[in-house]
Amino acid sequence: MPALLLDGKSLARQIRAELREEVADFIENNVTIPTLAAVLVGNDPASEVYVRFKRRDCEEVGIRSQLHRMPEESTQEELLALIAKLNKSDEVHGILVQLPVPDQIRTERVLEAISPLKDVDAFHPENVGRLVQNRPVYLPCTPHGCLELLKRNDISTVGKHVVIVGRSDIVGKPLSIMLAQRGADATVTLCHSRTQDLPAVTRLADILIVAIGRPKFVTADMVKPGATVIDVGINRTDGGLVGDVDFDGVKEVAGHLTPVPGGVGPLTRVMLLVNTLAAARRLEN
Ligand code: GUN
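Residues numbered from 1 in each chain as written. Predicted model: local features only at pLDDT ≥ 70, side-chain atom pairs only at ≥ 80, totals over all residues. Heavy atoms only, no water.

A few words now on the overall build of the protein chain. Counting secondary structure elements, the protein chain contains 10 helices and 11 strands. Expected size for 285 residues packed as a compact globule is a radius of gyration near 19 Å; at 19 Å, the protein chain falls within 12% of this value. The principal-axis extent of the C-alpha atoms belonging to the protein chain is close to 55 × 40 × 35 Å. With 285 residues in all, the protein chain has 47% of them scored as buried. Look at the contacts in the protein chain between residues 6 or more apart in sequence, and 72% of them connect residues 24 or more apart. In the form shown here, the protein chain has an accessible surface area of approximately 13,600 Å², with 51% of it arising from carbon and sulfur atoms. For the protein chain, the distance from the average site of its 33 positive side-chain charges to the average site of its 37 negative ones is 2 Å. (Helix = DSSP H or I, 4+ residues; strand = E, 2+ residues; numbered from the N terminus. Rg over C-alpha atoms; globule rule 2.2 N^0.38 Å. Buried < 20%, exposed > 50% of the residue type's maximum accessible area, 1.4 Å probe, protein only. Contact = heavy atoms within 4.5 Å. Areas by Shrake-Rupley, 256 points an atom, 1.4 Å probe, with all protein chains shown as cover. Lys, Arg positive; Asp, Glu negative; His and termini not counted. Charge placed at Lys NZ, Arg CZ, Asp CG, Glu CD.)

Turning next to the nonpolar core. Membership of the largest hydrophobic core comes to 46 residues, with the highest contact counts inside it found for Leu 175, Leu 179, Ile 209, Ile 230, Val 232 and Val 270. Among the elements of the structure, helix H1 (8-29), strand E2 (35-41), helix H2 (45-61), helix H6 (141-152), strand E5 (161-165), helix H7 (172-180), strand E7 (207-210) and helix H10 (264-284) are those that each provide at least two residues to this core. When residues of this core are assigned to their parent elements, the largest contribution, nine residues, is made by H10. If we skip the residues at most four places from it in the chain, Leu 175 touches Pro 143, Cys 146, Leu 147, Ile 164 and Ile 209. Counting 18 residues, the second-largest nonpolar core is a separate cluster that includes Cys 191, Leu 198, Val 218 and Met 222. (Core = buried A, V, L, I, M, F, W, Y, C linked by side-chain atoms within 4.5 Å.)

Here we take up the site of the ligand. In the vicinity of the ligand, the contacting residues are Lys 54, Leu 96, Val 97, Gln 98, Leu 99, Asp 121 and Phe 123. Measuring from a nitrogen atom of the ligand, one finds a side-chain N or O atom of Gln 98 at 3.3 Å. Here Leu 99 contributes a backbone N or O atom positioned 3.0 Å from a nitrogen atom of the ligand. For the ligand, whose accessible area on its own is 280 Å², the fraction buried by protein is 79%. Each residue belonging to the shell around the ligand can be placed in one class, and the counts come to four nonpolar, one polar and two charged. (Near = heavy atom within 4 Å. Polar contact = N/O pair within 3.5 Å; in protein donor to acceptor, adjacent residues only side chain to side chain. Nonpolar A, V, L, I, M, F, W, Y, C, P; charged D, E, K, R; others polar.)

Tallied over the entire structure, the rule returns zero aromatic pairs. Over the ring of Phe 53 we find Arg 269; its NZ or CZ atom is 4.5 Å from the centre of that ring. (Phe/Tyr/Trp six-rings, centres within 6.5 Å; stacked < 30°, edge-to-face > 60°. Lys NZ or Arg CZ within 6 Å of the ring centre and 35° of its normal.)

Right, let's talk about the pattern of salt bridges for a bit. Applying the stated criterion across every chain, the model contains 12 salt bridges. In this structure, Arg 152 engages Glu 18 in a salt bridge whose closest nitrogen and oxygen atoms are separated by 3.0 Å. With Arg 152 in helix H6 and Glu 18 in helix H1, this residue pair connects regions lying 134 residues apart in the sequence. For Arg 152, a relative accessible area of 33% corresponds to the partly exposed category. You can call Glu 18 partly exposed: its relative accessible area is 33%. Taking the shortest distance from any N to any O, the salt bridge between Arg 109 and Glu 112 comes out at 3.2 Å. Linking Arg 109 with Glu 112, this pair stays in helix H4 (residues 107-113), spanning three residues, or about one helical turn. Ionic contacts of the salt-bridge type, sharing partners, join the residues Arg 16, Arg 20 and Glu 60 into one network. (Salt bridge = Lys/Arg side-chain N within 4 Å of Asp/Glu carboxyl O.)

With that out of the way, let us pick up unusual backbone geometry. Along the chain, Leu 99 connects to Pro 100 via a cis peptide bond; the corresponding omega equals 0 degrees. Relative to the helices and strands, Pro 100 is located in the loop between strand E4 (94-97) and H4. Of note, the amide linkage connecting Val 260 to Pro 261 takes the cis form, showing an omega dihedral of -5 degrees. Here Pro 261 shows up in the loop between strand E11 (256-257) and H10. Residue Ala 122 is not a glycine yet carries a positive backbone phi of 60 degrees. One can find Ala 122 in the loop between H4 and helix H5 (125-132).

Before going further, it helps to spend a moment on the pairing of E2. The buried fraction of E2 is high, at seven of seven residues. The alternating pattern of E2 places Thr 35, Ala 37, Val 39 and Val 41 and Leu 36, Ala 38 and Leu 40 on opposite faces, both of which are buried. Where E2 meets E4, four bridges bridge the pair, whose relative direction is parallel. From the neighbouring strand, Ala 38 faces E4, where its bridge partner is Leu 96. (Pairing = 2+ DSSP bridges.)

These figures come from the coordinates and say nothing about function on their own.
This is the structure we're talking about:
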């Protein structure tokens, strides 16, 4: 029997409807409107699309968004000066610098310049440290989206073997920490480019999460029959947008599978809204 699809698009719509009410409630009880400041340096076409989507999402739930555009040749100092201004602004609750930034700018310097209280991506070292100690202020959006997708589809992680493929700072690394923590209670294996006999490891997974940025990398023979497979990949190919999982092959083996697009992506975006509202609540109370 083919896998049941985990529909992130409709789940995100449902969460946005919940958020719309919470935002309206916040605005009624405070003098300010929750506001996200997005910073876009240069003209990377994919970043343009992501930022446009994020702003549209904000608008849909009643969060105000600002877009701060800077030219491709901007210096690190110029970007840090803008961040310092946004950190100080009473009107701004969340700050997001769309990545990647141009080569002349050091990403770590940018991420650690954002006030941890306004860091709605949860990339600041303080927020990463808080996450590791299981007392987070904000959860990183894509890992949080993956967990919410599982939770709202009644797929428990407790006692399960979760195998994650990809150890990025944005997805694999924080996910491995969040899943191993009390509450999620999974047994976690974090795989990467140097893992030996990867298919033998991925076949052990009750839940397989793939975030390596290689189109159709995970094939049916790498999946245990009945496993839940979460595809975090978004790869632009000549054949359109594809994930890191070979969807057509894996859907014949997996028990549950996320589509691309329409799986994790919409939930990542919704978690940014969740964090922006949380930031507004923290900063106004
Ligand atoms: N670029 C790719 N993913 C992300 C993300 O989650 N946040 C930001 N700021 N930039 C990104």
